[in-house]
Structures are given as structure tokens and as C-alpha cells.
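Here are the chains, one letter per residue:
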Amino acid sequence: MTSDPALETLFLPLERGEVACAPGARVLFSRARAGAPLHPLFEAGLNCEQSFAPDRDALTRAGHDVVAETDASGFDLVLVLPGRQRQEARAQLARAVSKVKPGGVVIAAAANTEGGKTLEADLSALAGPVEKLSKHKCRAVWVRVEEAARDAALVADWAALDAVRPILDGAFVSRPGVFAWDRIDPASVLLIRHLPETLSGKGADLGAGIGVLARAVLERAPKVTALDLYEAEKRALDLAERNLRPSKDGVRLTGIWSDVTKGIEGPYDFIVMNPPFHQGGRADRADVGQGFIRAAARGLRPGGTLYMVANRHLPYEHNLAEVFATHQMLADESGYKVIRAVKAKGR
Ligand SMILES: C[S@@+](CC[C@H](N)C(=O)[O-])C[C@H]1O[C@@H](n2cnc3c(N)ncnc32)[C@H](O)[C@@H]1O
């Protein structure tokens, strides 16, 4: 098994000569990930889009210029690795079809368990009959987009499928594809119930999503003076900043688009977090949560406090014991645990 099978499958139509790419062609790689031997022919004209910080950083390390989202269009070739959420994936395919020039090619790939099976029907609905191949339990589909075959009305409809909209009776704005996009995650609900009114000073929310925990902190704890929102997914961070605008009176809010496992600023008086445990198509990524715990411990001031929630089976206690002076379980309910950890006064 390869390390990023969808990525490798995406490039097979080019490697096998099924799709030609002329030297100097303008290529957009949307939701780009590093790791593939990026086709030498389009090195010069490659534009990478990636809104998830760890993937953005890996592309940058591999020497590529990356933007969160480009306004440019008229590309000769658009490559896309659509997300797992169906509405978001359809919006990404529609966007790819709208960004390619007439006669240009769109190639998309996904794991069979993450939307690969519906790629063929979706791309052909937008742009006419597609070609396809299967490898590594993934599918790649591609189409030469002729103007006459492009369904402009469907492209516009699907491009709007992941548009920002109010959710939960207008309590937040959100969009398909971000974490728990149209609900409040039950783990976050449990943590919110255990956040004390006494939180004060400068805090941080690690993996802030659309700002659910941060909103609860601001509403509950009047002595909070500043809150830094760390989030890897730029589309979620933009929403968090919008969602918190109404409640930020007198509190300094700063959005930070970054990979928390690479470290945070600080020092913070307190940190709240519901760390991710699903990444790169894999669940149970305890390593990411452990990276969050280490970052939190380094970012807190001596004596500072962490409040976190996690699936109860995730093995965080050993890690907490290593980097915090004390930790205690405040709740153990419905498969989730809420933990309070205090950093040593002397560190
Ligand atoms: C379980 S969600 C919690 C979201 C929000 N705090 C809430 O309670 O609804 C975890 C969040 O962490 C973000 N995330 C994943 N990996 C990250 C990383 N390496 N650095 C920063 N944020 C990350 C995800 O995009 C997601 O929004």
C-alpha cells in the first residue's frame, strides 16, 4: 500500500500517457498534496491550492508556491483531490470544471471509501462522458471539457453547494466540509459544560473549527482579555472569525492559520481544545492529539491550565503525565472524557 494512494492514482493518467500535458501548460492542482513526483512537464506552470496548513506546509517544503484559493481560471489542466464530504466534493468538481479552459482537461481522484465511487457520475454530469481507472483502492476520472458538453447551470448549482450559510437558527455561519459543519459536536458540548466562569487573561483555542468552544469561553468567562484561535483549515478559521465578531467586545481575538503540532505562541493563561483524531483519511490519529497536548504544554505559562475533551479510548494520559504537573478527569460520559491539566509552576 502506498502512503497517499489517492494522490498516486491522480497522476496515473499523466504517467500512462492517457492525458497529455504540453510543456508550459498552465496547471491548477486543487486541494494539492505533496508526495507525488509532480509531473516534470508542468513544474513551471503549476499552481497549488491548499487551505489545510499541514498539507500547505508539506508542499512549501517540497518547493511549491501554495495559495489557499486562487481567483485565476482558464487553466489547461486542473487536478483535484476532492474532500470526503459529498456537497463539498461536488462543489470542488464544479469549481474544477469552471476553471479549465475550453478543451482543457480535469482529472479527479479519491479513495473508493471516500467518494471515489461517485466521482464518475458527478464529473460526467458536469462535463460529459469521462474516462477512468482504478488502482490502490482509488479511482481517477478525467474529462476533456468541451464547451458544448459543459452543463453551465449544474456547474453553478454545485459550485454553491459548499457556500457559507447560517446554521442552528442563525447561531453560527458554516459551510459543508468543515468539522461537524451543521451541528455542535457532542464532545464539544460536554467540554463546554465543564468550562469554568473563572477562566481569565489570555487564552487559546487549539483547532478552533468554526469557533464553537471559543464562543462558549467568551460568553461564560468575563475575565478573558484575549483569545488566539489556532486552526489548520483556513475555511474554518475564516468562519470562526466571522462567528466571534459579535461577541468579541473588549477581547483581543487573533486567528492563526497553522499546524498546531508544529508549536504555538504564548505564554497563555489557559488553553481549550477538542483535538482532531481524523486526518488524511485515517481515523484514530492519536499522534495528532498528542502533538496538540505537547504544544499546549509548551504554550501555557507556568501554572497555566488546559481543558480538553477527547474520545475516551484515545491514549492521552501517558502523554499528559509527561508534560503536565497534574491532570484529572472532570467527566467521563457518552464515550468522551473531559480532562483538566495544570502545567508545573516551575517550568
Ligand atoms: C475535533 S475539531 C474541533 C473543532 C472546534 N474546536 C469544535 O469544538 O467544534 C478539530 C479541529 O482541528 C483542526 N485541525 C486538524 N488538524 C490540525 C492541526 N494540525 N493544527 C491545527 N488545527 C487542526 C480541524 O480542522 C478541526 O477544525
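Since this is a predicted model, take the numbers as computed values, not measurements. For every chain, the first residue of its written sequence is number 1, and the numbers climb from 1 along that sequence. The predicted nature of this model means local features are confined to residues of pLDDT at least 70 and side-chain atom pairs, given and counted, to a pLDDT of 80 or more, with totals for whole chains, interfaces and linings taken over all residues.

K.L.:
Sorry if this is basic, but what is going on with the environment of V251 here?
P.N.:
Each helix is a run of DSSP H or I of at least 4 residues and each strand a run of E of at least 2, with the numbering of both proceeding from the N terminus. Tracing the chain through its elements places V251 in the loop between α8 (234–244) and β12 (252–257). Sequence separation of V251 and L227 is 24 residues, and the distance between their C-alpha atoms is 7.2 Å. Whether two residues are in contact is decided by their C-beta atoms, placed from the backbone, lying within 7 Å. Apart from residues no more than four positions distant in its own chain, V251 is found in contact with L218, V224, T225, A226 and L227.

K.L.:
Explanation requested: the site of the ligand in the structure shown.
P.N.:
We call a residue near a molecule or strand when the C-beta position, derived from backbone atoms, sits within 6 Å of it. Surrounding the ligand, one finds 22 residues, the nearest of these being S188, G207, G209, A232 and V260. At the level of secondary structure, the elements contributing two or more residues to the shell around the ligand comprise α7 (212–220) and β11 (223–231). Just so you know the grouping, Ala, Val, Leu, Ile, Met, Phe, Trp, Tyr, Cys and Pro go in nonpolar, Asp, Glu, Lys and Arg go in charged, and all remaining residues, Gly too, go in polar. For the shell around the ligand, the per-class residue count stands at 12 nonpolar, six polar and four charged.

K.L.:
Looking at this structure, how should I read the domain arrangement of the chain?
P.N.:
For an interface, size is often stated in terms of accessible area lost upon the parts coming together. As used throughout, domain bounds are those supplied by an automatic or database domain assignment. Domain assignment breaks the chain into domain 1 (5–159) and domain 2 (165–342). The straight-line distance from the C-alpha centre of domain 1 to that of domain 2 is 33 Å. Put simply, the parts of the chain that give the side of domain 1 that touches domain 2 at least two residues each are α2 (53–61) and α3 (86–99). Per element, the largest residue contribution to the side of domain 1 that touches domain 2 is three residues, and it comes from α2. Here the residues of the side of domain 1 that touches domain 2 sort into five nonpolar, four polar and three charged.

K.L.:
Hey, could you run me through the packing of α3 against helix α4 (residues 116–127) in this one?
P.N.:
Orientation is described by axes fitted as lines to C-alpha atoms, over the contacting stretch for helices, and by angles from 0 to 180 degrees between their N-to-C directions. Closest axis-to-axis distance for the α3/α4 pair is 10 Å, and the angle between their directions is 40 degrees. Classified by the angle their axes make, α3 and α4 are oblique. Crossing angle aside, the handedness with which α3 passes α4 is right-handed. Within the contact between the two elements, α3 uses R90, L93, A94 and V97 and α4 uses D122, L123, L126 and A127. When its residues are assigned to classes, the contact of α3 with α4 shows six nonpolar, no polar and two charged. The scheme is simple: roughly parallel for angles under 35 degrees, roughly antiparallel for over 145, roughly perpendicular for 65 to 115, oblique for anything else. Each crossing gets its handedness from the near helix: less than a right angle anticlockwise from the far helix is left-handed, clockwise is right-handed.

K.L.:
Sorry if this is basic, but what is going on with the sheet that holds strand β13 (residues 268–273) here?
P.N.:
Two orientations exist for strands paired in a sheet by backbone hydrogen bonds: parallel and antiparallel. Two strands make a pair as long as DSSP finds a minimum of two bridges between them. Ordered in space as β12-β11-β10-β13-β14-β16-β15, the seven strands form an open sheet in which the pairing is mixed. Looking at the sheet topology across the chains shown, the edges are occupied by β12 and β15 (326–333). In this sheet, adjacent strand axes meet at a mean angle of 15 degrees when their direction is disregarded. Pairing between strand β10 (residues 200–206) and β11: seven bridges, direction parallel. Bridge assignment links G201 to a residue of β11, and that residue is V224.

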